[in-house]
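# Understanding the architecture of this molecule
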Number of protein chains: 2
Amino acid sequence: MGDRIQVNLTTDDIPKQWYNIIPDLPEPLPPPKDPEEGESRIKNLPNLMIGECLNQEFSKENWIDIPEELVQLYAHAGRPRPLFRATNLEKKLDTPAKLYYKSEFFSPTGSHKVNTAIAQCYYAKKQGFKRVTTETGAGQWGTALSYGASLAGLECTIYWVRAVYEWKQDRRTFMELLGAEVNASPSPKTDFGRKLLEKDKKHPGSLGIAISEGLEDSSKSPDAVYCLGSVLNHVLMHQTIIGLETKHQFEIFDDYPDIMISCLGGGSNFGGFVLPFVGDVLTKGKKIKFIAAQSKVAPNLQGEYKYDFADYAEITPLLKMYTLGHKIDMAPIRGDGLRYHGCSPIISLLRNLGYIDTIAYERDEKYVFEKSKLFINTEGWLPAPESAYSICCAIEEALKCKESGEKKTIAFNVSGHGFMDIPGYREVLEMK
Amino acid sequence: MGDRIQVNLTTDDIPKQWYNIIPDLPEPLPPPKDPEEGESRIKNLPNLMIGECLNQEFSKENWIDIPEELVQLYAHAGRPRPLFRATNLEKKLDTPAKLYYKSEFFSPTGSHKVNTAIAQCYYAKKQGFKRVTTETGAGQWGTALSYGASLAGLECTIYWVRAVYEWKQDRRTFMELLGAEVNASPSPKTDFGRKLLEKDKKHPGSLGIAISEGLEDSSKSPDAVYCLGSVLNHVLMHQTIIGLETKHQFEIFDDYPDIMISCLGGGSNFGGFVLPFVGDVLTKGKKIKFIAAQSKVAPNLQGEYKYDFADYAEITPLLKMYTLGHKIDMAPIRGDGLRYHGCSPIISLLRNLGYIDTIAYERDEKYVFEKSKLFINTEGWLPAPESAYSICCAIEEALKCKESGEKKTIAFNVSGHGFMDIPGYREVLEMK
């Protein structure tokens, strides 16, 4: 065979430990804190979160064992996933750069979110819970948790922002096929939801409201626990399985990235992809440029680095992060998973210390989707709208290499597939 | 780790040869023949088909080399694909049987059709063609050929039955994103299409008409060639890459199937999955029960074994096959890829000699989709409607094992994913 075009691994190669970057950070990670007024949120965390996830959140160990049964669940979900060399795209761009992409789009539910959903459901089951609850916005996290719950044999209750619930009928059906109970939020199932519905029967809901409902539900039911899909340290750590596989695959390719790119909303796919390589930069003197691709609708990495709530309703502790302010209004875009006001504390600290670059693209998404079309047309995979941002940024970097003649190695993560997002492509690209 | 739950292979394990069963068949395969009246179709085949595919159609060699560049294209398309053990489903069914499924749903376009599309486009390019044409009904074949053409750097023209073209807007967009030109058929692009449109501007079209248009287009354009997605010997041979990988994976599982199941329309996914194992039965004394899962709308394997046209419009040579008659009307079902009047000559001969069993399910599909839901709920993958028939039959066989206490090994092929077919699930299962 000529140049390798793809490296897969076998199930024996599934990482047996996650990478926890916290002890390797150049400065201590600012801890979550309570706001000056109101009840303590931090004291209450053990009542809200899965015990093992809470332990992991504050762990000082560099490597956390992935239990054997959980490695099996990763195999069940189709891991490891291939790393591809984008030879066709390289030719089309006529760039001396080498482009590689990780295929999280092989996920059963369509995105990388399963990597933490499986883990959280595994630990919830182990702790004796019978049910998990959560909120979802775009729907990717809700689908992933429905999947994780079905594998673990748990019930699953989803609170889904009504405005999205109503038009994403297919994704709702998918969650229900996976066995979840899906509620439009605000819902009549919680006190908080009922109060809002009394005022407005057709209340469109918000992520903050859906979080409140999920939390109220689980806190009132001793056999239920709430799960979170992004931002937190343990979530990013579960996602490092992406980057750890990628590292192994680069060894087989006999190459190593100069630039790593992924899209960023709360930070879980970006973190999962890059953190094992950031570890190399911090501890082994490697040099890599990391770029987070964002939308101008939510360029949180260009916000302020300060303590802010993780949710609109101010239920969470304060987290030190780059934020646009937790009350900000963000216009709708197709890459809905990028619409979040703040960035995970780990990525935020790294950004603050100068390790992470960022770029934000125009709201209309036309430029981004045109670049994604180039990827579809050469590589043949249909990316999720969010992943289109990774691709767009990677193409820009490859074109810079064409200008400069540099043979850089560029790696990007395609965090999900777009089979359920085709209307978005059609509308943004003005196809008939 | 406990029992293996998944076996993947690396790109080094991609088969380097396809398996051609023809020389191993217990009787000579009845050749295609001309009808008694009209021009010779067989003499004209070299003007219609890709040269190398025509050679392969009549090859007496057991093993046909897959060119190195084509092996690379299979790697590009994500091959090899994992073989999974359905441990969750086994537990749910409480069966002593072991269930395995092949994951053709990891296909970039959603089905196994890419396996031959890539090969045909490769040979077309090699022969100097600049463009490929074809017809499509459900849309899976059209999408696969669009993909194959984009990888090979060919143009692609699709004639799509208007009645389907109009409501499957997302799939059309997908083909266009892959760079294909997609025409509702009958179209104003061909003489044949124009004549029909003169009579009826909104003519709903048919597969036969679309075939005629594709053939007229390529025959009038010296740099274009027509491609076929099922039924023919070389198509089934390209698809044996599925069964060859599966065989290798069973060696690693240290197991071997007693029963193999897949759905069957024209026969390409069924043939691709089982033929390498049929070879074991014919030449190595192995015993396997092969079952083709069909719809009562098109139970072609329960038809007559005789010479019939492969198309409604009588353009093709006559093929000896199990057929319901090429003029039969078939009611619409969600598993649209199963709606074909005849079965591939190779599978038909094997059926006639008693090697292939068959079962056909009710038209309403409720029973089939309920079984598929059980699979989604335990294994977490969303199958195409056609693949739901494989799953349904496998579950029935597993339940028979529960009755009898037999520990049989049952393998089934999940030929595609259902991300673009969720409305079908919702409607058939009467979900809200």
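Residues numbered from 1 in each chain as written. Chains lettered and ligands numbered in written order. Predicted model: local features only at pLDDT ≥ 70, side-chain atom pairs only at ≥ 80, totals over all residues. Heavy atoms only, no water.

### Some words on the overall build of chain A
A tally of helices and strands in chain A yields 16 helices and 15 strands. At 20 Å, chain A has a C-alpha radius of gyration in line with the 22 Å of a compact globule built from 432 residues. For the C-alpha atoms alone, the extent of chain A along its principal axes is close to 60 × 55 × 40 Å. Relative to its full complement of 432 residues, chain A shows a buried share of 68%. Taking the intrachain contacts of chain A between residues at least 6 apart in sequence as the baseline, contacts between residues at least 24 apart amount to 75%. (Helix = DSSP H or I, 4+ residues; strand = E, 2+ residues; numbered from the N terminus. Rg over C-alpha atoms; globule rule 2.2 N^0.38 Å. Buried < 20%, exposed > 50% of the residue type's maximum accessible area, 1.4 Å probe, protein only. Contact = heavy atoms within 4.5 Å.)

### Observations regarding the interface of chain B and chain A
In this complex, chain B contributes 57 residues to the contact, which on the side of chain A involves 57 residues. Both sides together, the interface formed by chain B and chain A hides about 5,300 Å², and carbon and sulfur atoms give 56% of it. At the junction of chain B with chain A, the criterion picks out six salt bridges. Arg4(B) is the salt-bridge partner of Asp12(A), the closest N and O atoms lying 3.8 Å from each other. The tally of links between chain B and chain A comes to 20 residue pairs in polar contact (both at pLDDT 80 or more). Per-element accounting of the side of chain B that touches chain A gives the leading share, seven residues, to helix H8 (residues 169-177) of chain B. Of the residues in the side of chain B that touches chain A, the class split is 27 nonpolar, 18 polar and 12 charged. (Buried area = accessible area lost by both parts, 1.4 Å probe. Salt bridge = Lys/Arg side-chain N within 4 Å of Asp/Glu carboxyl O. Polar contact = N/O pair within 3.5 Å; in protein donor to acceptor, adjacent residues only side chain to side chain. Nonpolar A, V, L, I, M, F, W, Y, C, P; charged D, E, K, R; others polar.)

### Structural notes on the sheet that holds strand E8 (residues 181-185) of chain B
Within a beta sheet, neighbouring strands are joined by backbone hydrogen bonds and run either parallel or antiparallel to one another. Residue and element names in this part refer to chain B. Here four strands make up an open sheet; going across it, the order is E8-E7-E6-E9 and the pairing parallel. A strand with exactly one partner marks an edge of an open sheet, and here the two such strands are E8 and strand E9 (224-226). The average angle at which neighbouring strand axes cross in this sheet is 25°, direction not considered. In this structure, strand E7 (residues 155-161) lies alongside E8, joined through five bridges in parallel fashion. When the bridges of E8 are listed, Trp160 appears paired with Ala184. Relative to E7, H8 is tilted by about 165°, and along the sheet it contacts strand E6 (131-136), E7 and E8. (Pairing = 2+ DSSP bridges. Axes fitted to C-alpha atoms, helices over the stretch in contact; angles between N-to-C directions.)

### Examining the sheet that holds strand E15 (residues 409-414) of chain A
Residues and elements named next belong to chain A. In spatial order, the strands read E1-E4-E5-E15-E10-E11-E14; together these seven strands make up an open sheet with mixed pairing. Two strands close off the open sheet at either side, each with one partner strand: strand E1 (6-7) and strand E14 (356-361). Alignment of E1 against strand E4 (residues 83-85), held across two bridges, turns out to be antiparallel. Along E4, the bridge assignment pairs Val7 with Leu83.

### Description of the side chain of Thr246(B)
Residue and element names in this part refer to chain B. Looking at the secondary structure, you find Thr246 in helix H11 (residues 233-253). Using a relative accessible area of 0% as the deciding quantity, one classes Thr246 as buried. Leaving out residues up to four positions away in the same chain, Thr246 has contacts with Leu83, Lys102, Phe273 and Phe277.

### Re the packing of helix H3 (residues 68-76) of chain A against helix H5 (residues 114-126) of chain A
All names here are of chain A. Interhelical geometry of H3 versus H5 gives an angle of 140° and a closest axis separation of 10 Å. Our pair here, H3 against H5, has a crossing hand that is right-handed. Here Glu69, Leu70, Leu73 and Tyr74 of H3 lie close against H5, whose contacting residues are Asn115, Ile118, Ala119, Tyr122, Tyr123 and Lys126. Looking at the contact of H3 with H5 residue by residue, the classes come out as seven nonpolar, one polar and two charged. (Left-handed = near helix turned anticlockwise from the far one by under 90°.)

### A look at the packing of helix H14 (residues 366-379) of chain B against helix H15 (residues 385-404) of chain B
Residue and element names in this part refer to chain B. At a minimum axis distance of 8 Å, the contact between H14 and H15 shows a crossing angle of 80°. Taken together, the axes of H14 and H15 are roughly perpendicular relative to one another. In this structure, H14 contributes Tyr367, Val368, Phe369, Lys371, Ser372, Leu374 and Phe375 to the contact, and H15 contributes Pro385, Ala388, Tyr389, Ile391, Cys392, Ile395 and Glu396. Of the residues assigned to the contact of H14 with H15, the class counts are 11 nonpolar, one polar and two charged. (Parallel < 35°, antiparallel > 145°, perpendicular 65-115°, else oblique.)

### A look at the relation of the copies chain B and chain A
With an axial shift of 0.0 Å and an RMSD of 0.0 Å, the rotation relating chain B to chain A amounts to 180°. Such a combination of turn and shift is consistent with a two-fold rotation axis. By residue overlap, the copies meet face to face through one surface: 100% of the interface positions of chain B are interface positions in chain A. (Least-squares fit on C-alpha atoms with pLDDT ≥ 70 in both.)

### Some details on the domain arrangement of chain A
Residues and elements named next belong to chain A. Partitioning chain A into structural domains gives domain 1 (6-15 + 67-110 + 240-428) and domain 2 (20-64 + 113-226). Between the C-alpha centres of domain 1 and domain 2 the distance comes to 23 Å. Domain 1 puts 46 residues into the contact, and the matching count from domain 2 is 42 residues. For the pair domain 1 and domain 2, the summed buried surface comes to about 3,500 Å²; carbon and sulfur atoms form 70% of the total. For the pair domain 1 and domain 2, the interface holds one salt bridge. Inspection of the domain 1/domain 2 interface yields eight residue pairs in polar contact (both at pLDDT 80 or more). Elements supplying a minimum of two residues to the side of domain 1 that touches domain 2: H3, helix H11 (233-253), helix H12 (268-284), strand E12 (304-309), strand E13 (318-323) and helix H13 (345-352). Take the side of domain 1 that touches domain 2: its biggest share by element is six residues, from H12. Its residues assigned to classes, the side of domain 1 that touches domain 2 shows 28 nonpolar, nine polar and nine charged. (Domains from an automatic or database assignment.)

### Some words on helix H1 (residues 41-48) of chain A
Given 3.6 residues to a turn, an α-helix orients residues that are three or four positions apart in the same direction. All names here are of chain A. Listed as buried for H1 are Arg41, Leu45 and Leu48. The arc enclosing the buried residues of H1, seen along the axis, measures out at 75°, which places them on a common side. Summarising the geometry of H1, the exposed residues directed more than 90 degrees from the buried face are Lys43, Pro46 and Asn47. Turning to H1, the residues buried within the fold contact helix H2 (51-57), helix H10 (207-220), strand E9 (224-226) and E12. Put simply, Ser40 is the residue that caps the front of H1, since its side-chain oxygen is 3.4 Å from the backbone nitrogen of Ile42. (Arc of directions from axis to C-beta.)

### Considering the environment of Gly272(A)
All names here are of chain A. Locating Gly272 in the fold gives a position in helix H12. Expressed as a C-alpha distance, the spacing of Gly272 and Ile242, which sit 30 residues apart in the sequence, is 5.7 Å. When sequence neighbours within four positions are dropped, the list of residues in contact with Gly272 reads Leu236, Gln239, Thr240, Ile242 and Gly243.

### Thoughts on the side chain of Asn300(B)
Residues and elements named next belong to chain B. Secondary-structure assignment places Asn300 in the loop between strand E11 (289-295) and strand E12 (304-309). Among the polar contacts made by the side chain of Asn300, one reaches the main-chain carbonyl oxygen of Gly342 at a distance of 3.4 Å. Once you skip the residues sitting within four places of it in the chain, Asn300 turns out to touch Leu264, Gly265, Gln294, Tyr322, Thr323, Leu324, Tyr340, His341, Gly342 and Cys343.

### As for the pairing of E13(A)
Along any regular strand, the residues point their side chains to alternate faces of the sheet. Residue and element names in this part refer to chain A. The buried count for E13 comes to five of six residues, which makes it a mostly enclosed element. Pairing of E12 with E13 involves six bridges; the strand directions are antiparallel. Counted as the bridge partner of Phe309 is Leu318 from E13.

### A word on the pattern of salt bridges
Side chains carrying opposite charge are able to pair once their charged atoms draw close together. Residues and elements named next belong to chain A. Throughout the structure, instances matching the rule amount to 48 salt bridges over all chains. Measuring nitrogen to oxygen at the nearest pair gives 2.6 Å for the salt bridge that ties Asp191 to Lys220. Of this pair, Asp191 sits in helix H9 (residues 191-199) while Lys220 is found in helix H10, placing the two residues 29 residues apart along the sequence. On the basis of relative accessible area, Asp191 is assigned to the partly exposed category, the value being 35%. The shortest N-O distance in the salt bridge between Lys306 and Glu304 comes to 3.9 Å. For Lys306, a relative accessible area of 31% corresponds to the partly exposed category.

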